[in-house]
Structure formats: structure tokens, C-alpha cells
Amino acid sequence: MHMPDWMAQGQPHIWLPYAQMKTATPPLPVVRSHGSRLELADGRSLIDGVASWWTACHGYNHPHIAQAVRAQLDAMPHVMFGGLTHEPALTLARRLAALLGPGLDRVFYTDSGSVAVEVAMKMALQFWLNQGERGRDRFLSFRGGYHGDTFGTMAVCDPEEGMHSLFRGMLIEHDIASLPRSEAELAALEAHLEIHGQRLAGILVEPLVQGAGGMLLHDPEVLRRLRRLADRHGLLLIFDEIFTGFGRTGTMFAFEQAGIRPDILTLSKALTGGTLPLAATVASNRVFDAFWSDDPSHALMHGPTFMGNALACAAANASLDLFETEPRLAQARAVSAALEAGLAPCRGLDWVRDVRVLGAIGIVELDGIADREALKRRLIEAGVWVRPFGNVVYMTPALTIGEDDLASLTRAVADVLGRQRP
Ligand SMILES: Cc1ncc(COP(=O)(O)O)c(C=O)c1O
């Protein structure tokens, strides 16, 4: 592969994510992005099947977001949020609260998904402490879940897929259960909460899709069950919509499909249309009220340096404009139908265990991937950027991806998977 000078010189100084630096294939040098395309330094153009870890929901370089960020850059790129405030952040908070509907009223900004989940956990813990209730210092989370890479969030991820064994002894031991998909699992969870509910602060779940933990789907009924359990045991229900938010599952937010609402919700990824880092933890007034006090120690003790970054908030406001002015949810439904049709040929393959689609997420689960790097290389040779993990090859393209590119994407995946056992 052609390596431009800047890469040859910089590569010895960079440390890449989730990569064994000694053996990993070097990353692809990207020089431009536009729409659903990545242009490489050697002139190749790849169809992006993952929208940069599910962020670029409007495709790359949408002119409306670019223009909003440019205007904000001229006016004021960033000011600290401690003691100062600004229009893009407050307008965004008002718009998010309106979009999320009653019961999700207060927005706390951070700059990454993991930290948004940390803040949600901190809010839940302090919610109880501020009311004088001690001992509620654990969370219930679920096998197959992923909530981030920080120490707080690693502890609530799936214990097998996550980093529990690597950091044993350094992570808090939370209660990690099976999602209550069946009556038996529901009964087991109910029994668990009868005994241990008193020491829990809340229940944390990715609604409808457990993403980075394995691309596992569950139905809205599971969420209704969790809402009932949370209410029965007086626990806060936290939905991590960092992956699912902003149209990815076919509705603006996944929780809408269950007809219930969480007490706290986290957002990031597509919040800025994938242009700038920003995350939000949104709480109900009931949660917020537990912090509303004459006692300074009841304040939420968190405040990242770049919280409420004005450029990122301007990008997020522009992204919300696009959800209002362009038919994004209809596009997500069209992507869904095309993924369903385009991935159908994979169903017949001996080594394919399952093909599942929800909204603009297409997942092919294999019975194993012997050589992920080789599979990734074959996909790149076929002209697509898709990043298999575990036993899955998944696609989360931009909601705006063109029909032709989407057909080429699914055809490439089906051809590559069909050619040989990966
Ligand atoms: C559901 C969910 N929560 C949290 C995170 C962590 O977000 P970040 O990588 O921005 O820290 C992710 C990232 O993939 C995610 O999918």
C-alpha cells in the first residue's frame, strides 16, 4: 500500500486504538471524505459502511454543518462553561429537551460517550446520596453491553467481551445480568432485585441494540420490562443511546419504540452529525430536583474542560436542523429495506449464523472469523470500508447513503463472505 510521507514519518509516533501495534495492518490513510465516501492517499475511493463508528449520520462534509461551524469559529470557538454560557449550548439544550419530550429535561454536556455514561452513573449515585440514602452504590447492567472504555464504564460492560479479566481487582463489581428476553430471565432478574435491589442505584442498558458488545438486538418489550422492574424497586433507569440515538434504529431515539422513557439518557456519536466530539447526559426533573438544594455539596461534581464546546454545539444545532429539514427518518427506513434485501444472500451461507437488520443497522453474524485482518483486506479490495469485530460484520452507513453505493456495499459484503469461509 502506498504510504504518504506524513504517514511514514508519523506512524512510528502514533498509538492506535484496539490495535496490537506490532502485528496490526497499518491504518488506511484518508485524505478526504464526502457523502458516504472515503478517499485514500493513493486515489482509491471506498464506500464507508460504518459512518466512522456510527457518527456521520448525514454523510461526510454536509455543507449546512460546515457553514455553521465556520460561522461559530469566527464568532467564538470555545469558552469555559464554568461561570460562562453561550447561545449554541443553551439553544441545543432547549432543542434536545423538546425533542426528547417531557421527563428528559436537563442537559449536562461532556465530550465523549464514555464520559457521558460516567456522568449518568455519577448522577444516579449522587441522586441517592443527596437524599440521605447510603449504600446504593452498584448498577445493574447487562451481558452483551458496551458503555465505554473508562474505568467506571468498563465495569458495566459485558464481562467476557469487555476488559473485566484484564483489570480484575481494579473494577467495581456491578450486577451484570442477562437481558430479560424470556419469562425465565425476567423471573430471575425479579428474584435478583428482590434480594439485591436495595444496594442498586440504577439499571443501565443500551435500548434495542447492544452495539460494540456484539450487535445484539432485543425487542421493545425488554425495555418495558426494565421500566416496570425499575419502578417496582425504585431504581433509576438509564438508557445509553450513544449508538442508537438520532435515527439509527429507524426512530429518532430507540426508546420511542418501547413507549416508555428512561430517567437518564446519554447521547453522543451522531449528536454533531459526526463532525466534532460532544456528548450529553439528559436527566429528568425528578433526578435534577435531588441536586436542587441550599447545600453546596449537593451540586453535581463534574465539569470537563471542553464541556459545552461552542463549535460542537453549533455543529449539533446544525445537525438537528437537518433532521427537521431533510427526510432523515424516511431515509433510515429506506436504508433498512435495502440492507435487508442486500444481505439476504448471506442467509444461505453455511458459515453464517444470523443476519439481522434494525433501522439502518445491518448485521451478519458468522460462526467464527478465523482471520479478521484478511477479511478486512478483502472487503477493502472490494471497495468498501467495513470493520468486522468478534464474529460479526456489520454495516451502519450514513442515513443519506445513495441507493447505488448501498447496493454496492451489501453486494461487496455478500460476495466477500460468500467466496470462502472467513
Ligand atoms: C452505547 C455506547 N456507549 C458508550 C460508548 C462510548 O463512547 P466513546 O467511544 O465516545 O467514549 C459507545 C461507543 O461505541 C457506545 O456505543
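Residues numbered from 1 in each chain as written. Predicted model: local features only at pLDDT ≥ 70, side-chain atom pairs only at ≥ 80, totals over all residues. Heavy atoms only, no water.

**Some details on the overall build of the protein**
Within the protein one finds 13 helices and 16 strands. The C-alpha radius of gyration computed for the protein amounts to 22 Å, which stays within 12% of the reference 22 Å derived for 422 residues, consistent with globular compactness. With the C-alpha coordinates aligned to their principal axes, the bounding extent of the protein is approximately 60 × 55 × 45 Å. Within the protein, buried positions represent 53% of all 422 residues. (Helix = DSSP H or I, 4+ residues; strand = E, 2+ residues; numbered from the N terminus. Rg over C-alpha atoms; globule rule 2.2 N^0.38 Å. Buried < 20%, exposed > 50% of the residue type's maximum accessible area, 1.4 Å probe, protein only.)

**With respect to the site of the ligand**
Surrounding the ligand, one finds Trp54, Ser112, Gly113, Ser114, Tyr146, His147, Gly148, Glu206, Asp240, Ile242, Phe243 and Lys269. Within the side chain of Ser114, an N or O atom sits 2.6 Å from an oxygen atom of the ligand. Lys269 is positioned with one of its side-chain polar atoms (N or O) 3.0 Å from an oxygen atom of the ligand. For the ligand, whose free accessible area comes to 390 Å², the fraction covered by protein is 83%. (Near = heavy atom within 4 Å. Polar contact = N/O pair within 3.5 Å; in protein donor to acceptor, adjacent residues only side chain to side chain. Areas by Shrake-Rupley, 256 points an atom, 1.4 Å probe, with all protein chains shown as cover.)

**Some details on the domain arrangement of the protein**
For the protein, the domain assignment lists domain 1 (5–61 + 328–419) and domain 2 (76–325). Each of domain 1 and domain 2 was reduced to a C-alpha centroid, and the two centroids are 27 Å apart. Residue-level contacts link 25 residues of domain 1 with 25 residues of domain 2. Here domain 1 packs against domain 2, burying approximately 2,200 Å² in sum over the two surfaces, 68% of which is carbon and sulfur. A per-residue breakdown of the area domain 1 buries against domain 2 is headed by Trp54, His58 and Leu358, which together make up 29% of the total. For the interface between domain 1 and domain 2, the tally reads nine residue pairs in polar contact (both at pLDDT 80 or more). (Domains from an automatic or database assignment. Contact = heavy atoms within 4.5 Å. Buried area = accessible area lost by both parts, 1.4 Å probe.)

**Concerning the pairing of strand 10 (residues 236–240)**
Extensive coverage of strand 10 is indicated by the burial of five of its five residues. Along strand 10, one buried face is formed by Leu236, Ile238 and Asp240 and the opposite face, lined by Leu237 and Phe239, is buried too. By the bridge criterion, four bridges tie strand 7 (residues 200–205) to strand 10 in an arrangement that is parallel. Looking at the pairing, Ile203 lines up with Leu237 of strand 10. Relative to strand 11 (residues 264–267), strand 10 runs parallel, the two being bridged by three bridges. Bridging across to strand 11, Ile238 finds its partner in Ile264. (Pairing = 2+ DSSP bridges.)

**Overview of the UniProt feature "binding site: pyridoxal 5'-phosphate" (unreviewed entry) in the protein**
The sites that carry the UniProt feature "binding site: pyridoxal 5'-phosphate" (unreviewed entry) are, in the present numbering, Gly113, Ser114, Asp240, Pro304 and Thr305. Taken together, the annotated residues stretch across 193 residues and extend over separate regions, lying up to 22.7 Å apart by C-alpha. The topology assignment puts Asp240 in strand 10. Those residues in contact with Asp240, other than ones at most four positions away along the chain, are Val117, Tyr146, His147, Leu204, Val205, Glu206, Pro207 and Thr266. There is a polar contact of 2.8 Å between the side chain of Asp240 and the side chain of His147. Positionally, Thr305 belongs in the loop between helix 9 (285–289) and helix 10 (310–325). (UniProt positions renumbered as here; feature names shortened; annotations may be inferred.)

**Quick notes on the side chain of Lys376**
Along the chain, the position of Lys376 falls in helix 12 (residues 372–381). Residue Lys376 is classed as buried on the basis of its relative accessible area of 15%. With near-sequence residues (within four places) excluded, Lys376 lies in contact with Trp385, Val386, Arg387 and Pro388.

**Re the sheet that holds strand 7**
Here seven strands make up an open sheet; going across it, the order is 4-12-11-10-7-5-6 and the pairing mixed. Each edge of the sheet is formed by a strand with only one pairing partner; in this case those strands are strand 4 (106–110) and strand 6 (175–177). Neighbour-to-neighbour, the strand axes of this sheet turn through a mean angle of 20°, independent of strand direction. Summarising the sheet, strand 5 (residues 138–142) and strand 7 pair through three bridges and their orientation is parallel. Of the residues in strand 7, the one forming a bridge with Leu140 is Ile203. (Axes fitted to C-alpha atoms, helices over the stretch in contact; angles between N-to-C directions.)

**So, the sheet that holds strand 3 (residues 45–48)**
The strand order across the open sheet built from four strands is 1-2-3-15, with neighbouring strands paired in mixed fashion. Both outer strands of the open sheet, strand 1 (30–34) and strand 15 (384–385), are each paired with one neighbouring strand and no more.

**Points about the UniProt feature "modified residue: N6-(pyridoxal phosphate)lysine" (unreviewed entry) in the protein**
Here the UniProt-annotated "modified residue: N6-(pyridoxal phosphate)lysine" (unreviewed entry) positions come out as Lys269. Summarising the element assignment, Lys269 is placed in the loop between strand 11 and strand 12 (279–283). Once residues lying within four places of it in the same chain are set aside, the contact partners of Lys269 are Trp53, Trp54, Thr55, Ile242, Phe243, Gly274 and Leu278.

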